[in-house]
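Listed here are the chains, written in short residue letters.
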Amino acid sequence: MLEQDIERILYTREDIQRVNEKLGKQITADYQGKNPLMIGILKGAIVFMTDLIREIDLHVEIDFMDVSSYGDGTISSGEVKIIKDLDTSVQGRDIIIVEDIVDTGRTLNYLMAILKTRQANSIKVCTLMDKPSRRVVPVHSDYVGMEVPNEFVVGYGLDYAERYRNMGTIGVLKPEIYSGK
Ligand code: XMP
Ligand code: MG
């Protein structure tokens, strides 16, 4: 039913699973002997985060942050506010920020600035998708699942008007969904 609204599937469930296995192996290798704190950015990263952590063969802890842009939502003003902060102290911890997609880079840039003031031992970023063509603020992601073209994607945690987060694939919506026809 959900996929009826999709014009083009970009990544199948199998594609996504392969990416998660690859990222999980990299993180497992890089964090041997460590106990990283994985910070999922709500809400988009939750589906990715729950699958990714099961591909990591280490003791990890999880926590979540929710941030939102000020402004009208379509054109980001570049300012971001914290809606939900962490429950866990990051002091001395090895933290991995888990994002669904890095677009302009503003959200990640702001998060990094906040977290850098909190005396973590290390901060790395793992994003399922990267849209480098849209970058406004230069940000570095240590683990990138896939590079996506400059198109608005939904599914696997990503939404349009809070819908499609529970679709198992990632795709581009039919134009009539946006125009409401
Ligand atoms: P910035 O621009 O700060 O934004 O890097 C990152 C956040 O913007 C959302 N975003 C998308 N959401 N499909 C979505 O459903 C997209 O194609 C898309 N591009 C950006 C997303 O919440 C991300 O965390
Ligand atoms: Mg997001």
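The structure reproduced in this document is the subject of the present report.

Scoring rules and cut-offs
Residues numbered from 1 in each chain as written. Chains lettered and ligands numbered in written order. Predicted model: local features only at pLDDT ≥ 70, side-chain atom pairs only at ≥ 80, totals over all residues. Heavy atoms only, no water. Helix = DSSP H or I, 4+ residues; strand = E, 2+ residues; numbered from the N terminus. Rg over C-alpha atoms; globule rule 2.2 N^0.38 Å. Buried < 20%, exposed > 50% of the residue type's maximum accessible area, 1.4 Å probe, protein only. Contact = heavy atoms within 4.5 Å. Areas by Shrake-Rupley, 256 points an atom, 1.4 Å probe, with all protein chains shown as cover. Near = heavy atom within 4 Å. Polar contact = N/O pair within 3.5 Å; in protein donor to acceptor, adjacent residues only side chain to side chain. Nonpolar A, V, L, I, M, F, W, Y, C, P; charged D, E, K, R; others polar. Pairing = 2+ DSSP bridges. Axes fitted to C-alpha atoms, helices over the stretch in contact; angles between N-to-C directions. Arc of directions from axis to C-beta.

### Quick look at the overall build of the protein
Here comes step 1: For the protein, the count of helices and strands is four helices and nine strands.
Here comes step 2: Traced from its N-terminal end to its C-terminal end, the protein shows the element sequence β-α-β-α-β-β-β-α-β-β-β-β-α.
Here comes step 3: A compact globule built from 181 residues would reach a C-alpha radius of gyration of about 16 Å, and the protein, at 16 Å, matches this within 12%.
Here comes step 4: Dimensions of the protein along its principal axes, counting C-alpha atoms only, are 50 × 35 × 25 Å.
Here comes step 5: Per-residue burial for the protein yields a buried fraction of 43% across its 181 residues.
Here comes step 6: In the protein, once contacts between residues fewer than 6 apart in sequence are set aside, the share between residues at least 24 apart is 66%.
Here comes step 7: Carbon together with sulfur atoms contributes 49% to the accessible area of the protein, which is approximately 9500 Å² in total.

### Observations concerning the site of ligand 1
Here comes step 1: The environment of ligand 1 is formed by 15 residues, the closest being D100, T104, G105, T107 and V153.
Here comes step 2: Between ligand 1 and the protein, one listed contact pairs an oxygen atom with a backbone N or O atom of G105 at 2.8 Å.
Here comes step 3: Taking T107, its side chain carries an N or O atom lying 2.5 Å from an oxygen atom of ligand 1.
Here comes step 4: Considered on its own, ligand 1 offers 510 Å² of accessible surface; in the complex 81% of this is hidden by protein.
Here comes step 5: Elements supplying a minimum of two residues to the shell around ligand 1: β5 (94-102) and α3 (106-116).
Here comes step 6: No other element matches the four residues that β5 contributes to the shell around ligand 1.
Here comes step 7: Tallied by class, the residues present in the shell around ligand 1 amount to five nonpolar, three polar and seven charged.

### Points about the sheet that holds strand β6 (residues 122-130)
Here comes step 1: Pairing is mixed in the open sheet, where six strands are placed in the order β4-β3-β2-β5-β6-β7. Edge strands, defined here as strands with exactly one partner in the open sheet, are β4 (80-84) and β7 (143-147). On average, each strand axis in the sheet is tilted by 30 degrees relative to the strand beside it, whichever way the strands run.
Here comes step 2: Of the strands in this sheet, β2 (37-42), β3 (61-69), β5 and β6 touch helix α2 (residues 46-53), which is tilted by about 155 degrees from β2.

### Some remarks on α3
Structural remark: α-helix, 3.6 residues per turn; residues separated by three or four positions point the same way.
Here comes step 1: Of all the positions in α3, only L108, L111, M112, I114 and L115 are classed as buried. Down the axis of α3, the buried side of the element spans an arc of 165 degrees, and every buried residue falls inside it.
Here comes step 2: In this structure, the buried side of α3 is in contact with β2, β3, β4, β5 and β6.

The values are spatial; any link to function lies outside them.
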